[in-house]
Amino acid sequence: MSETPETYDLVVIGSGPGGYVCAIRAAQLGLKTACIEKDKTLGGTCLNVGCIPSKALLSVSEKYEQAAHQFAGLGIDVGTPKADLGKMMAHKDKVVAANTQGIAFLFKKNKVTHIVGTGAVKGAGVVEVNGKTINAKNIVIATGSESTPLKGIDVDEKQIVTSTGALSLEKVPKTLAVIGGGVIGLEMGTVWQRLGAKVTVIEFLDRILPGMDGELSKEAKKILAKQGMEFKLSAKVTAAKTAKGKVTLTLEPAAGGMPGEAGKNNNPETLEVETVLLAIGRRPYTQGLGLDKAGVKVDNRGRIEIDDHFQTNVKGIYAIGDVVRGAMLAHKAEDEGVVVAEIIAGQTGHINYDNIPGVVYTFPEVASVGATEEQLKEKGIAYKSGKFPFMANGRARAMAATDGFVKILADAKTDRVLGCHIIGPEAGTLIAEVVAVMEFGGAAEDIARTCHAHPTLNETVKEAALAVDGRPIHI
Ligand code: NAI
C-alpha cells in the first residue's frame, strides 16, 4: 500500500530571502508550511554565497585598508599591518554559519517544516522531492538566480571565478580582472584590491553601475579610480586563455569604442591577469523545477511569468524574488515573500516597486532610491535638485570620510521627493530616511523641517533637502 502523501497549505521551494521569509510569514498566519532547500544550509545565495559573506569580507578588508593607509595620518601607529587571509575567511564562515543557523532556528520557532532536497513542481497542488510526492494547496517558487555565463569564458571557480569563487580565493591574486562594472564587480573588486590585488574592471557600457543615476556612477568611478581601480569601459572580453598561474583575456571594443590600445586602432587588446571575476549579471535559476511539465510559463529571459498577485499561469503556483521580473535584490524578494504569503492567507498585500533602495557596499557606499535624473528627463517630469557634499558635514570631516554627496530630486511643482542618490559614508543607512519619507509621499520640505541630530552624517540629507529650495545653511 502506498504511503498517503503529506499535505501542506503551502510549500515554498527555495530558502533564500524570498523563500524563507515567505515560509515564516505564512506560518505566522497559521498556514501549515514546508520549505524545500537543495543545499545543506538554509538562506540561499544571499546568506551562503552572496550578501552576507561579501559584507563580512568588505568589513574586514576595510579595517585592514584603514590600518594600512589611514591610521598613521590619524595618529595611530600600528606599523605595517599583515593580512591573515585564513582568519579573514574564518570570520566570514562564522558569520555565514550564524546566519544560516539563525534561519533553521526561526523555522523551528515558527513550525515551518524544513525539507532537504531538490523540489520539482508536478502540477497544481503537487510537489515532488526525494522521490516522494507532497500535496501542496499552494506552491511558491523562490529558487533565485545564478551567475550569467559568458561565451568564451570557462568558469572553474579557481582562476576564473563567479561571485561564489571570489568569496573563497585561497590567496590574494597579484592581478584581478573583473568582467562587469556592476554591483558584484565593484564590491568584490574592492575586497581584493584592499588586500593587495591590482584590479582592472572591464565594462561593456561606457559607464559603471548602469541603471543608477549618471552623476552617482561618475562620482563612484572617480573615487574608485583614486583608490587604484582601473577601468576599461566600452570594452568586451571575447576570449580567455588559461595557463598555469595566469589567464590571458582578449578585449575588444564594444559599441562606442574603447580607450587604450584597442581603442586607437580598433584591434583586440590582451590583458594578462592571475584571476578573473565574471560578474555580468545573474539569470533566473529554474533548473530541475520541471516548469515545462507543470505548464508554468517563462518569458524570453527565463523569468517565471506572474500576475500582479505573484500567481503564475497555473492556479495555486506562485513565484517571487530573482526568478521573476524586477530588481534582483534580497530585500525586494523578502517583501514579495511577505506579500505573497499574505495573499495566499486571504489578505491583501502591496509593494511599492518605485521605492526600493539599491546599495553598493564599496567605500564610500553608493545608495539610490526612486527616479534618476535621466529617468525624470526622459519622462519629461519637471524637477528640482538639491545637492550637499559630505565635505561640508562636520561629522564626515571628523571621520575623515568626506568623499561624495547627497542628491535629492523633488517634483518642481509639488516638492514631493521623487528620488535620492547618495555616495558617501554609510550611504546605505542614510537612504532609509528618504525611503520612509517617499513611502509616505513626503516632500523635500518635510525632510528639511525635520530635526536632525548634530553632529551626524544624516545632516547631509537635511541639507540636500534644504538645497532643493536653494537654502542650504552649511554651503
Ligand atoms: P549587474 O547587473 O549589477 O552588473 C553587470 C555589469 O556587467 C553591467 O554593468 C553590465 O553592463 C556589464 N556587462 C554585461 N555584459 C558584459 C560583457 N559581456 N562584458 C563586460 N561587461 C558586461 O550584475 P552583477 O554585478 O553581476 O550582480 C548581479 C545581481 O546581483 C544584480 O542584480 C545586483 O543588483 C545583485 N547584487 C546586489 C548586491 C547589493 O545589493 N549590494 C550585491 C551583489 C549583487
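Bear in mind that the values here come from a model prediction, so they are computed numbers and not experimental data. (Residues numbered from 1 in each chain as written. Predicted model: local features only at pLDDT ≥ 70, side-chain atom pairs only at ≥ 80, totals over all residues. Heavy atoms only, no water.)

Student: Please provide a residue-by-residue account of the overall build of the chain, values included.
Tutor: Within the chain, the secondary structure is distributed over 15 helices and 22 strands. Whereas a compact globule of 475 residues would reach a radius of gyration of roughly 23 Å, the chain reaches 24 Å, a difference of no more than 12%. Considering only C-alpha atoms, the chain reaches an extent of 75 × 60 × 45 Å along its principal axes. Surface exposure of the chain reaches about 22300 Å², of which carbon and sulfur atoms provide 52%. Separation of charge centres in the chain, based on 54 positive and 54 negative side chains, amounts to 3 Å. (Helix = DSSP H or I, 4+ residues; strand = E, 2+ residues; numbered from the N terminus. Rg over C-alpha atoms; globule rule 2.2 N^0.38 Å. Areas by Shrake-Rupley, 256 points an atom, 1.4 Å probe, with all protein chains shown as cover. Lys, Arg positive; Asp, Glu negative; His and termini not counted. Charge placed at Lys NZ, Arg CZ, Asp CG, Glu CD.)

Student: Can you break down the site of the ligand residue by residue, with the values?
Tutor: Neighbouring the ligand are 21 residues, the closest being Ile184, Glu187, Glu203, Gly281 and Val359. Val183 places a main-chain nitrogen or oxygen 3.2 Å from an oxygen atom of the ligand. With respect to the ligand, the backbone of Gly281 contributes an N or O atom lying 2.9 Å from an oxygen atom. Calculation on the ligand without its partners gives an accessible area of 840 Å², and the protein chains cover 79% of this total. (Near = heavy atom within 4 Å. Polar contact = N/O pair within 3.5 Å; in protein donor to acceptor, adjacent residues only side chain to side chain.)

Student: How would you sum up the packing of aromatic side chains? Please name residues and give values.
Tutor: Using the criterion set out here, one finds 0 aromatic pairs in the structure. In this structure, Lys387 is placed above the aromatic ring of Phe405, and the distance from its NZ or CZ to the ring centre is 4.5 Å. (Phe/Tyr/Trp six-rings, centres within 6.5 Å; stacked < 30°, edge-to-face > 60°. Lys NZ or Arg CZ within 6 Å of the ring centre and 35° of its normal.)

Student: Tell me about the sheet that holds strand β9 (residues 175–179), and please be specific about residues and values.
Tutor: The parallel open sheet is built from 5 strands, whose spatial order is β8-β15-β9-β10-β11. Of all the strands in the sheet, the pair left with one neighbour each is β8 (160–161) and β11 (230–232). This element, helix α6 (residues 183–194), spans β9, β10 (198–202), β11 and β15 (275–278) of the sheet and lies at about 175° to β9. (Pairing = 2+ DSSP bridges. Contact = heavy atoms within 4.5 Å. Axes fitted to C-alpha atoms, helices over the stretch in contact; angles between N-to-C directions.)

Student: Kindly report on the nonpolar core, identifying the contributing residues and their values.
Tutor: With 54 residues, the main nonpolar core has Val11, Phe107, Val140, Ile141 and Phe310 as its most contacted residues. Counting residues per element, this core draws most heavily on helix α1 (residues 17–28), at 7 residues. Discounting residues that sit within four places of it in the chain, Phe310 has contacts with Ile317, Tyr318, Ala319, Ile320, Arg325, Glu336, Val339, Val340, Ile343, Ile351 and Tyr353. (Core = buried A, V, L, I, M, F, W, Y, C linked by side-chain atoms within 4.5 Å. Buried < 20%, exposed > 50% of the residue type's maximum accessible area, 1.4 Å probe, protein only.)

Student: Summarise the pairing of strand β22 (residues 417–424); cite the residues concerned and give the values.
Tutor: Consecutive residues of a regular strand have side chains that alternate between opposite faces of the sheet. Burial analysis of β22 places 8 of its 8 residues in the buried class, which makes it a mostly covered element. Sheet topology places strand β19 (residues 365–370) next to β22; 6 bridges connect them, and they run antiparallel. Bridge pairing links Glu365 to Gly424 in β22. Relative to β22, strand β21 (residues 405–411) runs antiparallel, the two sharing 6 bridges. What sits directly across from Lys407, in β22, is His421.

Student: Which residues make up unusual backbone geometry, and what values do they have?
Tutor: A cis amide bond links Phe363 with the next residue in sequence, Pro364, at an omega value of -5°. Positionally, Pro364 belongs in the loop between β18 (358–360) and β19. Here the amide bond leading from His454 into Pro455 is cis, since omega sits at -5°, within 30 degrees of zero. Within the secondary structure, Pro455 is located in the loop between α14 (444–448) and α15 (459–468). A positive phi angle, close to 60°, is found at Glu157, a residue other than glycine. Tracing the chain through its elements places Glu157 in the loop between β7 (145–147) and β8. What makes Glu157 partly exposed here is its relative accessible area of 32%.

Student: Account for helix α4 (residues 85–110), with residues named and values stated.
Tutor: For α4, spanning 26 residues, the distance from its first C-alpha to its last is 38 Å, which sits close to the expected 38 Å at 1.5 Å a residue. For α4, the complete set of buried residues consists of Leu85, Met88, Met89, Lys92, Val96, Thr100, Ile103, Phe107 and Asn110. Structurally, α4 contributes buried residues whose contacts are with α1, β2 (33–37), α2 (44–49), α3 (51–69), β3 (113–116) and α6. The N-terminus of α4 is capped by Asp84, whose side-chain oxygen sits 3.2 Å from the backbone nitrogen of Gly86. Residue Lys111 follows α4 closely and has a positive phi angle near 60°. (Expected span 1.5 Å × (residues − 1).)

Student: Which residues make up the packing of α3 against α6, and what are the values?
Tutor: Angle between the axes and distance between the axes: these two values describe a pair of packed helices. Contact pair α3 / α6: the axes reach a minimum separation of 9 Å and the direction vectors enclose 35°. Considering the relative orientation of α3 and α6, their crossing is left-handed. Two secondary-structure elements touch here, α3 through Ser54, Lys55, Leu57, Leu58, Ser61, Glu62, Tyr64 and Glu65 and α6 through Glu187, Met188, Thr190, Val191 and Arg194. Across the contact of α3 with α6, the residue classes break down as 5 nonpolar, 3 polar and 5 charged. (Left-handed = near helix turned anticlockwise from the far one by under 90°. Nonpolar A, V, L, I, M, F, W, Y, C, P; charged D, E, K, R; others polar.)

Student: An account of the domain arrangement of the chain is requested, with residue identities and associated values reported.
Tutor: Taken as a whole, the chain is organised into domain 1 (6–147 + 283–351), domain 2 (160–280) and domain 3 (355–466). In this complex, domain 1 contributes 10 residues to the contact, which on the side of domain 3 involves 6 residues. Taken over both partners, the interface formed by domain 1 and domain 3 buries close to 610 Å², and the fraction arising from carbon and sulfur atoms is 69%. It is Lys55, Glu62 and His331 in domain 1 that bury the most area against domain 3; as a group they hold 41% of the surface buried on that side. Where domain 1 packs against domain 3, one counts 0 salt bridges. Counting across the domain 1 and domain 3 interface gives 1 residue pair in polar contact (both at pLDDT 80 or more). Listing elements by their share of the side of domain 1 that touches domain 3, those giving two or more residues are α3 and α10 (330–344). If one sorts the elements of the side of domain 1 that touches domain 3 by residue count, α3 sits on top with 3 residues. The class makeup of the residues in the side of domain 1 that touches domain 3 is 4 nonpolar, 3 polar and 3 charged. (Domains from an automatic or database assignment. Buried area = accessible area lost by both parts, 1.4 Å probe. Salt bridge = Lys/Arg side-chain N within 4 Å of Asp/Glu carboxyl O.)

Student: I'd like to hear about the packing of α1 against α4, residue by residue, with values.
Tutor: Contact geometry of α1 with α4 gives a least axis separation of 9 Å together with a crossing angle of 20°. Comparing their axes, α4 and α1 come out roughly parallel. Both α1 and α4 take part in a crossing whose hand is left-handed. Only Ile103, Leu106, Phe107 and Asn110 of α4 make contact with α1, whose side of the interface consists of Tyr20, Ala23, Ile24, Ala27 and Gln28. (Parallel < 35°, antiparallel > 145°, perpendicular 65-115°, else oblique.)

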